[in-house]
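Listed here are the chains, written in short residue letters.
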Amino acid sequence: MNFELTEEHIAVRDAAREFTQAELLPGVIDRDTEARFPKEQIQKMGELGFMGMMVDPKYNGGGMDTLSYVLAMEEISKIDASASVSMSVNNSLVCWGLEKYGTEEQKEKYLKPLATGEVLGAFCLSEPEAGSDATSQRTEAKLEGDHYILNGTKNWITNGSSASVYLVIAQTDASKGHKGISAFIVEKGWKGFIIGKKEDKLGIRGSDTHSLMFNDVKVPVENRIGEEGFGFTFAMETLNGGRIGIAAQALGIAAGAYELALAYSKERKAFGKPISQHQAIQFKLADMATQIEAARMLVYKAACLKDQGEDYAHASAMAKLYASEVAMNVTVEAVQVHGGYGYVKEYHVERLMRDAKITQIYEGTSEIQKIVISRNLLK
Ligand code: CAA
């Protein structure tokens, strides 16, 4: 067991850190206040190779490992979790799903521009009545000759209006339960595809989360991913990797809040000395740092298992479960260390606290992660 990062990993982490300070930190408070998507910043992230990090270079990707991706996600999430959720969905749900299961034609047409960040992708599984219970898909795709007719509504879709390529999960045969669910690639602008309302959220306010409506949208058969009936497995496998990305996001949010609290505690004086010299604050800092380190080990382990070709579903669920709990605990404590200043926008920690909550909800709630973990333990 070796806990050292390689020079390449350190270079990726430093490049992400530099980018966040130069490009994401300025304006992050305004984007959160105005619920404004970081469009130019995401464009630059694409130019720097952050949007298709693990994709094979032959499809314009960075050809990097999952650990590099996790390190970049962690750094970007310290500053702007709205930018990092876009990055996570594009990398680990959309690009990974297409590279692993797409046809050569699909990869040429869709994966290549997604991997450079030239276009963004969205992953459309959740529905008004199918969140945690993902098998209960109401969106249906009916085969008619050389195309499917897609009808239904999707909810909570990250990159909802900014994406150009949408991976849509729909039922193709209701009588077969989860084996009657299929996956499709749908393009923005196709007739009958309507981008619905934008959600006004507690956190990750810069990310654009929308509902989507499909009214008799014609989807060519060649845009189906895998065989008919493969859609549920496709979604589950894609989410196994997605959860590593969200775990890294949670880790970054926690680490970002901790770093701010540590620095503030050395500057702020009370009762004649910096508050870092008071044991009440020292205990908080020690707890925060310990929890973050434990979360980091789980996240890096899940990434390494994936890179080594091992089964990582269990490890990614554990990493997401624990890192998202840590993100919540640590951000609340970071606000507490800041006192009244922590409650105002200027000091960043209140935003990180709001952003942390979603990591316990999306890509499977904490309860779903416990289902995945316990089923694995009991099988
Ligand atoms: N990995 C691989 N396969 C899996 C799997 C996993 N983690 N979980 C289930 N499966 C497979 C099972 O092996 C089974 O396959 P077979 O029939 O071939 O044996 C099949 O899927 C059905 O499994 P279950 O009977 O266990 O299904 P279930 O109805 O009990 O549900 C669940 C399982 C784990 C609860 C699943 O529904 C789930 O993960 N729900 C959460 C969905 C989710 O994460 N949504 C997030 C939306 S995407 C998002 O948030 C993106 C964004 O924009 C940020």
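Notes on the structure in this doc start here. (Residues numbered from 1 in each chain as written. Predicted model: local features only at pLDDT ≥ 70, side-chain atom pairs only at ≥ 80, totals over all residues. Heavy atoms only, no water.)

**Topic: the site of the ligand**
Of all residues adjacent to the ligand, which total 22 residues, the nearest are Ser132, Thr158, His178, Lys179 and Arg375. A distance of 2.9 Å separates a nitrogen atom of the ligand from a polar atom in the side chain of asparagine 240. Backbone polar atom of glycine 364 to an oxygen atom of the ligand: 3.0 Å apart, as the coordinates give it. Secondary structure elements with two or more residues in the shell around the ligand: α5 (81–101), α7 (231–267) and α11 (366–378). With five residues, the single largest contributor to the shell around the ligand is α7. The residue inventory of the shell around the ligand, partitioned by class, reads 10 nonpolar, eight polar and four charged. (Near = heavy atom within 4 Å. Polar contact = N/O pair within 3.5 Å; in protein donor to acceptor, adjacent residues only side chain to side chain. Helix = DSSP H or I, 4+ residues; strand = E, 2+ residues; numbered from the N terminus. Nonpolar A, V, L, I, M, F, W, Y, C, P; charged D, E, K, R; others polar.)

**A few points about the side chain of serine 211**
Examined against the element boundaries, serine 211 turns out to sit in strand β7 (residues 209–220). Non-local contacts of serine 211, meaning those with residues more than four positions away in its chain, are made with Lys154, Asn155, Ile194, Ile195, Gly196 and Lys197. (Contact = heavy atoms within 4.5 Å.)

**Digging into the pattern of salt bridges**
The full count for this structure, using the stated rule, is 21 salt bridges. As a salt-bridge pair, lysine 154 and glutamate 127 come within 2.9 Å of each other at their nearest N and O atoms. Taken together, the residues span a long stretch of sequence, with lysine 154 in strand β3 (residues 147–158) and glutamate 127 in the loop between β1 (121–124) and β2 (140–144) at a distance of 27 residues. There is no split in this pair, since lysine 154 and glutamate 127 are both buried. Counted as one network, the salt bridges with shared partners bring together Arg17, Glu75, Lys78 and Glu259. (Salt bridge = Lys/Arg side-chain N within 4 Å of Asp/Glu carboxyl O. Buried < 20%, exposed > 50% of the residue type's maximum accessible area, 1.4 Å probe, protein only.)

**Side note on α11**
With 13 residues, α11 extends 18 Å from end C-alpha to end C-alpha; this agrees with the ideal 18 Å at 1.5 Å per step. Among the residues making up α11, those that are buried are Ser366, Ile368, Gln369 and Ile373. Down the axis, α11 shows its buried residues gathered within 165 degrees of arc, on one side only. Turned more than 90 degrees from where α11 packs its buried face, Glu367, Arg375 and Leu378 sit exposed. The inward-facing, buried residues of α11 abut α7 and α9 (313–338). (Expected span 1.5 Å × (residues − 1). Arc of directions from axis to C-beta.)

**Thoughts on the environment of lysine 188**
Residue placement: lysine 188 occurs in the loop between β5 (181–187) and β6 (193–198). Of the residues examined, lysine 188 reaches a relative accessible area of 36% and is grouped as partly exposed. Separated by 24 residues in sequence, lysine 188 and serine 164 have C-alpha atoms that sit 5.0 Å apart. Here lysine 188 is in contact with Ser161, Ser162, Ala163, Ser164, Tyr166, Phe193 and Ile195, once residues within four sequence places are set aside. Within polar-contact distance, the side chain of lysine 188 engages the backbone oxygen of alanine 163 at 2.8 Å.

**Overview of the nonpolar core**
By size, the foremost hydrophobic cluster in this structure holds 109 residues, and its most contacted members are Met87 and Val186. It is α7 that provides the largest number of residues to this core, a total of 17 residues. Setting aside residues no more than four positions away along its own chain, valine 186 makes contact with Leu150, Ser164, Val165, Tyr166, Val168, Phe193, Phe214, Val217 and Val219. (Core = buried A, V, L, I, M, F, W, Y, C linked by side-chain atoms within 4.5 Å.)

**Concerning unusual backbone geometry**
Even without a glycine there, the phi angle at alanine 35 is positive, about 50 degrees. With respect to the helices and strands, alanine 35 occurs in the loop between α2 (28–34) and α3 (39–47). One non-glycine residue with positive phi stands out, namely phenylalanine 271, at about 55 degrees.

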